[in-house]
Amino acid sequence: FFFLPLVMLGFLLLVGLASAITLSNTRLPVDQNGALLLTGEADVLQHNGSFYFYFNNWGGCPGVDCCASSGGCASCCFNPPSATYPDACVYTSNHTVVVYETDLKTWIYRGEALPLTARKPGIEFRPHVVFNTATRKFVMWFEDRFTGQDGYSVAQSDKPEGPFTVVHTSVKMPGKGRVGDFDVFVDDDGSAYHVRTGFDVVKLDSTYTQPTTDVASFQTPKSSEGPVMFKRNGTYYVMAGTGCCACIGGSNIYVLSAPHALGPYTLQGDVGSNPTPFDPHSPHNYVTRAQASAVFRYSSPADQKKEKSGEEEKYVYLGNQWVTAQQPGLPRNHDLLYWSVINFANNGSVLQFEWHDQVEL
């Protein structure tokens, strides 16, 4: 009498366990060929049921332990390199953008979305890709830092995996911010916004390839960079962290929020610092030991079936744990990632981050 229901219950439990997604903060995923992911500054695009992860591949030279330097753990970029700090990856012109398609369990390497031959010879950083539903184009913004450039480069593709073709090489942005770390965010109404270190939020035009004159500015308590932007329940959020140039130990996480994409932005606080006294030469000042690259939304198939108006939707923080490669030679393009589900209070404020060896979605 009870046998069939118990068998069915067991089957459902097994199915539930099989479908669980676990993301590790202490080891990298592997692709369809068993190779470790090529990592670097990251961006995430969700399109037609798949996630596309774009990584800035710096190459396989070893990371540099900078904690004993005058700049401490926050700056492991040395230009030019020296015998003490033989940095040969960060400020070089060999960076390419690689892309993976994934359901967060199986990772399929799709090749180079932006090969060297597709752009001007410069130091490429921070690729960010969005989809324009009006033009049906995938739009990539990136820094190229070639001689004479004073803006951002923009490329387009008909497919999320590329290849991308550069359409603008030096897009100047209004506001007081500098050409540096940035993010591109697409709102529910199709409007796109560019937020950059400085900090300025600039509304983009309908093609997502040029700025408009609509701009909002804000500041953080300490000089910061690496902004990421997202929206939850009608509130706009920007997260940024203190300076981290391929650093060891990551950065803090300032959280700012606003009722509109163009502000005004209010500082909620710092949710990424450890309570211990700050030591510039210590890699243990910050919780995630990472620098933010992206925030993306995730709903499991089971959650999607629940008619709860997005209550079960998760907001996932993705950061780079620089100088953490575990392979022989300590290659920079195998540095670890950091994943965390962002927790919110009832009033929408972001709760303090905690370190976890892994996260389950």
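Refer to the structure printed above.
Residues numbered from 1 in each chain as written. Predicted model: local features only at pLDDT ≥ 70, side-chain atom pairs only at ≥ 80, totals over all residues. Heavy atoms only, no water.

(A) Up close: unusual backbone geometry. With an omega of 0°, the peptide bond running from Gly 198 to Phe 199 counts as cis. Mapped onto the elements of the fold, Phe 199 is located in the loop between β11 (192-196) and β12 (200-204). The linkage connecting Gly 263 with the following residue, Pro 264, adopts the cis geometry, with an omega of 5°. With respect to the helices, strands and loops of the structure, Pro 264 is situated in the loop between β16 (254-258) and β17 (266-270). A positive phi angle is found at Arg 136, which is not glycine, with a value near 60°. Here Arg 136 lies in the loop between β6 (125-132) and β7 (137-143). A positive phi is found at Arg 145, a non-glycine position, where the angle reads about 50°. When you line up the elements, Arg 145 lands in the loop between β7 and β8 (152-157). For Arg 145, a relative accessible area of 34% corresponds to the partly exposed category. (Helix = DSSP H or I, 4+ residues; strand = E, 2+ residues; numbered from the N terminus. Buried < 20%, exposed > 50% of the residue type's maximum accessible area, 1.4 Å probe, protein only.)

(B) Representation of the sheet that holds β7 in the model. Taken in spatial order, the four strands line up as β6-β7-β8-β9 in an open sheet, and their pairing is antiparallel. Every other strand in the sheet has two partners, leaving β6 and β9 (165-171) as the edge strands with one partner each. Within this sheet the neighbouring strands show an average axis-to-axis angle of 20°, counted without direction. As paired elements, β8 and β9 share four bridges and run antiparallel to each other. From the neighbouring strand, Gln 156 faces β9, where its bridge partner is Thr 165. (Pairing = 2+ DSSP bridges. Axes fitted to C-alpha atoms, helices over the stretch in contact; angles between N-to-C directions.)

(C) Up close: the state of the cysteines. The full count for this structure, using the stated rule, is five disulfides. Put simply, Cys 61 and Cys 89 are joined by a disulfide, and their sulfur atoms are 1.7 Å apart. Here Cys 61 is found in the loop between β3 (50-57) and β4 (96-102), whereas its partner Cys 89 is found in the loop between β3 and β4, with 28 residues between them in sequence. As far as the burial class goes, Cys 61 and Cys 89 line up, both buried. In the chain, the bonded cysteines, numbered by position in the sequence, are linked as 1-7, 2-5, 3-4, 6-9, 8-10. (Disulfide = S-S within 2.5 Å.)

(D) Inspection of the nonpolar core at higher detail. One finds Phe 53, Leu 104, Phe 296 and Trp 339 to be the most contacted residues of the largest nonpolar core, which totals 24 residues. Elements with a contribution of two residues or more to this core: β2 (42-47), β3, β4, β18 (291-298), β19 (314-321) and β20 (336-341). Ignoring any residue separated from it by four or fewer positions in sequence, one finds Phe 296 in contact with Val 44, Phe 51, Phe 53, Leu 104, Lys 314, Tyr 315, Val 316, Leu 318 and Trp 339. With 18 residues, the next largest nonpolar core counts Phe 230, Val 295, Tyr 317 and Tyr 338 among its residues. (Core = buried A, V, L, I, M, F, W, Y, C linked by side-chain atoms within 4.5 Å. Contact = heavy atoms within 4.5 Å.)

(E) Here's a closer look at the side chain of Asp 335. You can see Asp 335 is positioned in the loop between β19 and β20. For the buried Asp 335, which has no salt bridge, the nearest side chain bearing the opposite charge is Arg 332, at an N-O separation of 4.6 Å. Side-chain polar atoms of Asp 335 contact the backbone nitrogen of Thr 324, separated by 3.1 Å. Sequence-distant contacts of Asp 335, that is, excluding residues within four places in its chain, are made with Leu 28, Thr 39, Gln 321, Trp 322, Val 323, Thr 324 and Ala 325. (Lys, Arg positive; Asp, Glu negative; His and termini not counted. Salt bridge = Lys/Arg side-chain N within 4 Å of Asp/Glu carboxyl O. Polar contact = N/O pair within 3.5 Å; in protein donor to acceptor, adjacent residues only side chain to side chain.)

(F) Quick look at the packing of aromatic side chains. Counted by the stated rule, this structure contains 31 aromatic pairs. Here Phe 185 and Tyr 236 contribute two aromatic rings whose centre-to-centre distance is 6.1 Å and whose plane-to-plane angle is 90°, an arrangement assigned as edge-to-face. Here Phe 185 is found in strand β10 (residues 182-186), whereas its partner Tyr 236 is found in strand β15 (residues 235-242), with 51 residues between them in sequence. Accessibility expressed as a relative area gives 10% for Phe 185, which makes it buried. Between the aromatic rings of Phe 278 and Tyr 286, the centroid separation amounts to 6.3 Å while the plane-to-plane angle is 45°, which identifies the pairing as tilted. The lysine or arginine in question, Lys 120, covers the ring of Phe 146, its NZ or CZ lying 4.7 Å from the ring centre. Stacked on the ring of Phe 344, the Lys or Arg Arg 232 has its end atom at 4.0 Å from the ring centre. (Phe/Tyr/Trp six-rings, centres within 6.5 Å; stacked < 30°, edge-to-face > 60°. Lys NZ or Arg CZ within 6 Å of the ring centre and 35° of its normal.)

(G) Molecular detail of the sheet that holds strand β5 (residues 107-114). Reading across the sheet, the four strands line up as β2-β3-β4-β5 and stay open at both edges, with antiparallel pairing between neighbours. Edge positions in the sheet fall to β2 and β5, since each has one partner strand and no second. Going across the sheet, the axis of each strand differs from the next one's by a mean of 25°, ignoring polarity. With six bridges connecting them, β2 and β3 associate as antiparallel partners. Bridge assignment links Asp 43 to a residue of β3, and that residue is Tyr 54.

(H) Spotlight on the pairing of β20. Burial within β20 is extensive, with five of its six residues counted as buried. Here six bridges tie β19 to β20, and the two strands are oriented antiparallel to one another. Bridge assignment links Leu 318 to a residue of β20, and that residue is Trp 339.

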